[in-house]
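Residue-level structural notes
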Amino acid sequence: LFGSLSEVVAERSGMMVTAIEGIFLIGAWGGFVGAYLWNSAFLGMLLAMACGLAIAAIYALVTVVMKQHQVVTGTALNIFVAGFCTYFQRVLFGVPTSPLRVPVLPRLPVPLLSRIPVVGDIFFNQNILTYIVYLLIPLIYLFLFRTAPGLTVRSTGENPVASDVAGISVNKVRFMTVLFSGVMGGIAGAFYSLGFLGMFTAGIIGGRGWIAFAICFLGNWHPLGAVVGTLFFGLAE
């Protein structure tokens, strides 16, 4: 949901963040490394966001500023990140005989709501990242459809020529939405290493970045559609 919501914002500005799988992966790696080296899940999350932001910045520089092909650039970055994470994982930690682990984020049951049979445990007995994404759903919806900056993002995607004539910097808007997608994708990746498994492996994401990418399209580039699509894929998994 973190990934698909951010993809919705980027797509609304006219950008396909095809590096999303790599952003997820480097977010998972950065989250684990930060939590392991500094013994702090919070610092791990910050490093995950910084790593996601860095890959997104490279993607935006190549596609927005240099006008290169988005799919080709994203594919190249995904391959690069896979090698980067594997290499530096070994540089930092060698090849341990047993997987290195960090404490996972604790579950925070919501009073009363978490006691509801079945649904309570699924939705209201989760870690802090789950509750944050609950808040992001209405915030992103309101941003896109009820604010002037959201209108700017949508107009940039729907009619970039008219936006440019109106004095809107199309490149700047698209650059910022890609950076936002990078931060959100970094958090999404860190969820798997810090909020779910407490470890890092090269295959930890397992295509979920592409699933988030697909959810954006299936949800008709709308935040609520992304929620429905995410629930569908989550239930299937």
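Here the structure is a predicted model, which is why all the values come from computation and not from measurement.

1. Observations regarding the packing of aromatic side chains
Taken as a whole and judged by the stated rule, the model has 16 aromatic pairs. The interplanar angle of 85 degrees and the centroid separation of 5.8 Å between the aromatic rings of W210 and F213 together place this pair among those described as edge-to-face. Of the two residues, W210 and F213 both sit in helix α10 (residues 208–218), three residues apart, roughly one turn of that helix. Exposure remark for F213: the relative accessible area of 13% places this residue in the buried category. Aromatic ring contacts, followed pair by pair, group W29, F80, F84, Y87 and F88 into a single cluster.

2. Concerning helix α3 (residues 41–65)
Taking 1.5 Å of rise per residue, 25 residues should cover 36 Å, and α3 covers 35 Å from first to last C-alpha, within 8% of that figure. The complete set of buried residues in α3 reads G44, M45, A48, C51, G52, I55, A56, Y59, A60, T63 and V64. The elements touched by buried residues of α3 are α2 (20–38), α4 (70–93), α6 (128–146) and α9 (170–197). Downstream of α3 by one or two residues, K67 has phi in the positive range, about 60 degrees.

3. Describing the packing of α2 against α3
For any two helices packed against each other, one specifies the inter-axial angle together with the distance between the axes. Close contact between α2 and α3 brings their axes to 7 Å; oriented N to C, the two are set at 150 degrees. Crossing of α2 over α3 shows right-handed handedness. In this structure, α2 uses I23, I26, G27, G30, G31, V33, G34, A35 and W38 to contact α3, whose residues at the interface are A41, L43, G44, L47, A48, C51, G52, I55 and A56. For the contact of α2 with α3, the per-class residue count stands at 12 nonpolar, six polar and no charged.

4. Considerations on the side chain of E21
Checked against the element boundaries, E21 lands in helix α2. One buried charge, E21, has no salt-bridge partner; the nearest side chain with opposite charge is R208, at 7.8 Å. Setting aside anything within four residues of it in sequence, one finds E21 in contact with N78, I205, G206, G207, R208, G209 and W210.

5. Observations regarding the nonpolar core
Considering soluble globular proteins, one finds that nonpolar side chains tend to be buried as a cluster. Within the largest apolar cluster, 57 residues are counted, with the highest numbers of intra-cluster contacts made by F2, L5 and F200. Those elements giving two or more residues to this core turn out to be α1 (2–12), α2, α3, α4, α6, α9, α10 and α11 (223–236). No other element matches the 10 residues that α2 contributes to this core. Residues contacting F200, with those up to four places away along its chain left out, are L25, A28, W29, F32, C85 and Q89.

Calculation notes
Residues numbered from 1 in each chain as written. Predicted model: local features only at pLDDT ≥ 70, side-chain atom pairs only at ≥ 80, totals over all residues. Heavy atoms only, no water. Phe/Tyr/Trp six-rings, centres within 6.5 Å; stacked < 30°, edge-to-face > 60°. Helix = DSSP H or I, 4+ residues; strand = E, 2+ residues; numbered from the N terminus. Buried < 20%, exposed > 50% of the residue type's maximum accessible area, 1.4 Å probe, protein only. Expected span 1.5 Å × (residues − 1). Contact = heavy atoms within 4.5 Å. Axes fitted to C-alpha atoms, helices over the stretch in contact; angles between N-to-C directions. Left-handed = near helix turned anticlockwise from the far one by under 90°. Nonpolar A, V, L, I, M, F, W, Y, C, P; charged D, E, K, R; others polar. Lys, Arg positive; Asp, Glu negative; His and termini not counted. Salt bridge = Lys/Arg side-chain N within 4 Å of Asp/Glu carboxyl O. Core = buried A, V, L, I, M, F, W, Y, C linked by side-chain atoms within 4.5 Å.

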